[in-house]
Amino acid sequence: SSSPIPPPPLATHHAKGRSFSIYLAKLSTAGPRLRAIHARLSSLLTLYIDAASPIDAGDGGWDMLLAVEDGDKKAIAGMATLFSMYGFPDRTRLRVCQVSVLPPCQKLGLGMALAEAAFRVADERKCLDVR
């Protein structure tokens, strides 16, 4: 059996000889494997983010940016969740939430790369603003 082909990355990031791909996924329609990854990462958030709280991944407003280190063995490096909400009169606002980079991948600019990817999503969706 062959494994599914991943979508192209939204962005890439290179630092100190390491390479990362950042993927975007809508949580409410993500497959079971990606939803399981999100659930596992969410349980770590309370350890790394003060006052972190769980989200309802089934709500259609939630997206996830997932940073994956490239190479022979793909490894999750970090994540950010994005929430799309109403912006008067007919636009959308994008809220950046739960940004986390795992300790072995910190100090490489990956948090900034996730933030830049969120702004790219906002630009592509013509969002009113990013919060």
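Everything discussed here concerns the structure shown above.
> What should I look at first to understand the overall build of the protein chain in this one?
Summing up its helical and strand segments, the protein chain has two helices and six strands in all. By the compact-globule yardstick of 14 Å for 131 residues, the protein chain fits well, its C-alpha radius of gyration being 15 Å. Taking the principal axes of the C-alpha coordinates as reference, the protein chain spans close to 45 × 35 × 30 Å. Scored against the burial criterion, the 131 residues of the protein chain give a buried share of 38%. Here the analysis covers contacts within the protein chain between residues at least 6 apart in sequence; of these, 58% occur between residues at least 24 apart. For the protein chain, the exposed area adds up to about 7,900 Å²; of that, 57% sits on carbon and sulfur atoms. Of note, the protein chain has its 16 positive side-chain charges centred 3 Å away from the centre of its 12 negative side-chain charges.

> How do you make sense of helix α1 (residues 32-48) when you look at a structure like this?
Structurally, the α-helix is built with 3.6 residues per turn, so residues lying three or four positions apart point the same way. Taking 1.5 Å as the rise per residue, α1 with 17 residues should run 24 Å; its terminal C-alpha atoms sit 25 Å apart, in good agreement. Within α1, burial applies to Ile-37, His-38, Leu-41, Ser-42 and Leu-45. For α1, the elements touching its buried residues are β3 (62-69), β4 (75-87) and β5 (91-101).

> Hey, could you run me through the nonpolar core in this one?
With 22 residues, the main nonpolar core has Ile-22, Leu-65 and Leu-110 as its most contacted residues. Sorting the residues of this core by element identifies β1 (11-15), β2 (18-26), β3, β4, β5 and α2 (110-124) as the ones contributing at least two each. Examining the composition of this core, we find that seven residues originate from one element, α2, more than from any other. Among residues more than four places away in sequence, those in contact with Leu-110 are His-13, Phe-20, Ala-67, Ala-77, Val-101 and Cys-105.

> Please clarify how the side chain of Gln-98 should be interpreted in this entry.
With respect to the helices, strands and loops of the structure, Gln-98 is situated in strand β5. On the accessibility criterion, Gln-98 (12% relative accessible area) is buried. Among the polar contacts listed, one links the side chain of Gln-98 to the backbone oxygen of Ser-53, at a separation of 2.8 Å. Side chain to side chain, Gln-98 and Thr-81 meet in a polar contact 2.9 Å long. Ignoring anything within four residues of it in the chain, the contact list for Gln-98 reads Leu-45, Ile-49, Ser-53, Pro-54, Ile-55, Met-79, Ala-80 and Thr-81.

> Is there a simple way to explain the pairing of β3 in this structure?
It is a general feature of regular strands that their side chains alternate between the two faces of the sheet. Buried residues dominate β3, accounting for eight of its eight residues. Burial along β3 is two-sided: Trp-62, Met-64, Leu-66 and Val-68 facing one way and Asp-63, Leu-65, Ala-67 and Glu-69 facing the other are all buried. Relative to β3, β2 runs antiparallel, the two sharing seven bridges. Counted as the bridge partner of Ser-21 is Val-68 from β3. Two strands pair when backbone bridges link them, and β3 and β4 are joined in this way by eight bridges, in the antiparallel orientation. If you follow Val-68 over to β4, its bridge partner there is Ile-76. In textbook terms, the turn of a hairpin is the stretch between consecutive antiparallel strands, and for β3 and β4 this stretch comprises five residues, one of which, Gly-71, has a positive phi near 135°.

The rules behind the values
- Residues take numbers from 1 onward in each chain, read along the sequence in its written order.
- Given that the model is predicted, a residue must reach a pLDDT of at least 70 before its local features are reported, and side-chain atom pairs must reach 80 or more before they are shown or counted; all residues, however, enter totals for whole chains, interfaces and linings.
- The basis for every side-chain value is the complete set of non-hydrogen atoms in the structure, without hydrogens or water.
- Helical segments are the DSSP runs of H or I of at least four residues, strand segments are the runs of E of at least two, and each set is numbered from the N terminus.
- All radius of gyration figures rest on C-alpha atoms, and the globule criterion is 2.2 Å times the number of residues raised to 0.38.
- The classification of residues rests on relative accessible area computed with a 1.4 Å probe and restricted to protein chains. Under 20% of the type maximum is buried, over 50% is exposed, and intermediate values are partly exposed.
- In this description, contact between two residues means that some pair of their heavy atoms is separated by no more than 4.5 Å.
- Accessible areas in this description were obtained via Shrake-Rupley with a 1.4 Å probe; residue shielding takes into account the shown protein chains only.
- For the purpose of counting charges, residues Lys and Arg are taken to be positive, whereas Asp and Glu are taken to be negative. His and the chain ends are not included.
- Where a charge lies is defined by one atom per residue type: Lys uses NZ, Arg uses CZ, Asp uses CG and Glu uses CD.
- A helix is expected to reach a length of 1.5 Å times the quantity of its residues less one.
- Here, nonpolar core refers to any group of buried Ala, Val, Leu, Ile, Met, Phe, Trp, Tyr and Cys residues whose side-chain atoms link them within 4.5 Å.
- By the criterion applied in these results, polar contacts are pairs of N or O atoms within 3.5 Å in which, for protein atoms, one can donate a hydrogen and the other can accept it, and in which residues neighboring in sequence qualify only through two side-chain atoms.
- Whether two strands pair comes down to DSSP finding at least two bridges between them.

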